[in-house]
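Topology and contacts: notes
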Amino acid sequence: LALVGQLSLKVVFGNIVEIKLIESQQEMRMHPVVILFFVAFFQYIWGATGMLLSVPIVAALKATLHKIPPAYRNPILIFLEGDKTAPARWHQWRTTLRGSVATE
């Protein structure tokens, strides 16, 4: 009975709760094909270590996009998210983020 309870909790949290939490993070949204591309690319460069580090490296790159001018940032966002509306969505998220920081 304890084993079944633990397994069911793992299934519920792993397949439902964590997925909903990850989906709610719009700033780290990336297209799955782009993620697979970077996993393969970094595997070619650094082997298995590159495969493990590929997603954190790309996520860190995406987290620093606010420092890049829009002329360069927008094509990168379109590439990473696979969506032409990504720059507008990013700008909207960024302005709401600034607004919530200013009100605190």
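Refer to the structure above for everything that follows.
Residues numbered from 1 in each chain as written. Predicted model: local features only at pLDDT ≥ 70, side-chain atom pairs only at ≥ 80, totals over all residues. Heavy atoms only, no water.

1. Let's talk about helix H3 (residues 48–63)
Cut-off, in case you're wondering: Every helix listed is a DSSP run of H or I at least four residues long, and every strand listed is a run of E at least two residues long, numbered separately from the N terminus. Here, expected helix span is obtained from the residue count minus one, scaled by 1.5 Å. What the bend at a residue measures is the angle between two axes, fitted to the seven residues ending there and to the seven starting there. Each residue gets one of three labels from its accessible area relative to the maximum for its type: buried under 20%, exposed over 50%, partly exposed in between, using a 1.4 Å probe on protein chains only. Contact criterion: two residues are considered in contact whenever any of their non-hydrogen atoms come within 4.5 Å of each other.
In a regular helix each residue adds 1.5 Å, so 16 residues correspond to 22 Å; H3 covers 24 Å between its end C-alpha atoms and thus fits that length. Its axis deflected by about 40° at Ser-54, H3 carries its strongest bend there, up to four residues before the proline Pro-56. Of all the residues in H3, the buried ones are Gly-50, Ser-54, Val-58, Ala-59 and Lys-62. Buried residues along H3 sit against helix H2 (32–46) and helix H4 (70–81).

2. Focus: the pattern of salt bridges
To be explicit about the condition: Any carboxyl oxygen of Asp or Glu that lies within 4 Å of a side-chain nitrogen of Lys or Arg is treated as forming a salt bridge with it.
As enumerated under the stated definition, the model contains 3 salt bridges in all. With its nearest N and O atoms 2.8 Å apart, the salt bridge here joins Glu-81 to Lys-62. Placement of Glu-81 in helix H4 and of Lys-62 in helix H3 is noted, with a sequence separation of 19 residues between them. Residue classification places Glu-81 among the buried positions, given a relative accessible area of 7%. Overall, the relative accessible area of 3% leaves Lys-62 in the buried class. The salt bridge involving Arg-89 is made with Glu-81; its shortest N-O contact spans 2.4 Å. When its relative accessible area of 24% is taken as the criterion, Arg-89 is described as partly exposed. It is possible to trace a salt-bridge network through shared partners that takes in Lys-62, Glu-81, Asp-83 and Arg-89.

3. Some details on the nonpolar core
Put simply, the rule is: Nonpolar core, defined: a set of buried Ala, Val, Leu, Ile, Met, Phe, Trp, Tyr and Cys residues in which side-chain atoms within 4.5 Å join the residues together.
Ranked by size, the top nonpolar core spans 7 residues in total: Met-30, Val-34, Phe-38, Phe-42, Val-58, Ala-59 and Leu-80. At 3 residues, the largest contribution of residues to this core is made by H2. Beyond its immediate sequence surroundings of up to four residues, Ala-59 is in contact with Met-28 and Met-30.

4. Let's talk about the packing of aromatic side chains
Applicable threshold: Aromatic rings from Phe, Tyr and Trp, taking only the six-membered ring of Trp, are treated as a pair when their centres fall within 6.5 Å; an angle between ring planes under 30 degrees marks them as stacked, one over 60 as edge-to-face, and anything in between as tilted.
Enumeration over the complete set of coordinates arrives at 6 aromatic pairs. Ring geometry for Phe-41 against Phe-42: centres 5.4 Å apart, planes inclined by 75°, an arrangement best described as edge-to-face. By relative accessible area, Phe-41 is classed as partly exposed at 39%. An aromatic cluster of at least three residues, connected via ring pairs, comprises Phe-37, Phe-38, Phe-41, Phe-42, Trp-46 and Phe-79.

5. Here's the deal with H2
What counts is decided by this rule: Each direction from the helix axis to a C-beta atom contributes to the arc, which is the arc of those directions.
Taking 1.5 Å as the rise per residue, H2 with 15 residues should run 21 Å; its terminal C-alpha atoms sit 21 Å apart, in good agreement. Burial in H2 covers these residues: Val-34, Phe-38, Val-39 and Phe-42. What you see down the axis of H2 is that its buried residues fit within an arc of 140°, all on one side. The outward face of H2, more than 90 degrees from its buried face, is lined by the exposed residues Pro-32, Val-33, Leu-36 and Tyr-44. Against H3 and H4 lie the buried residues of H2. Downstream of H2 by one or two residues, Gly-47 has phi in the positive range, about 75°.

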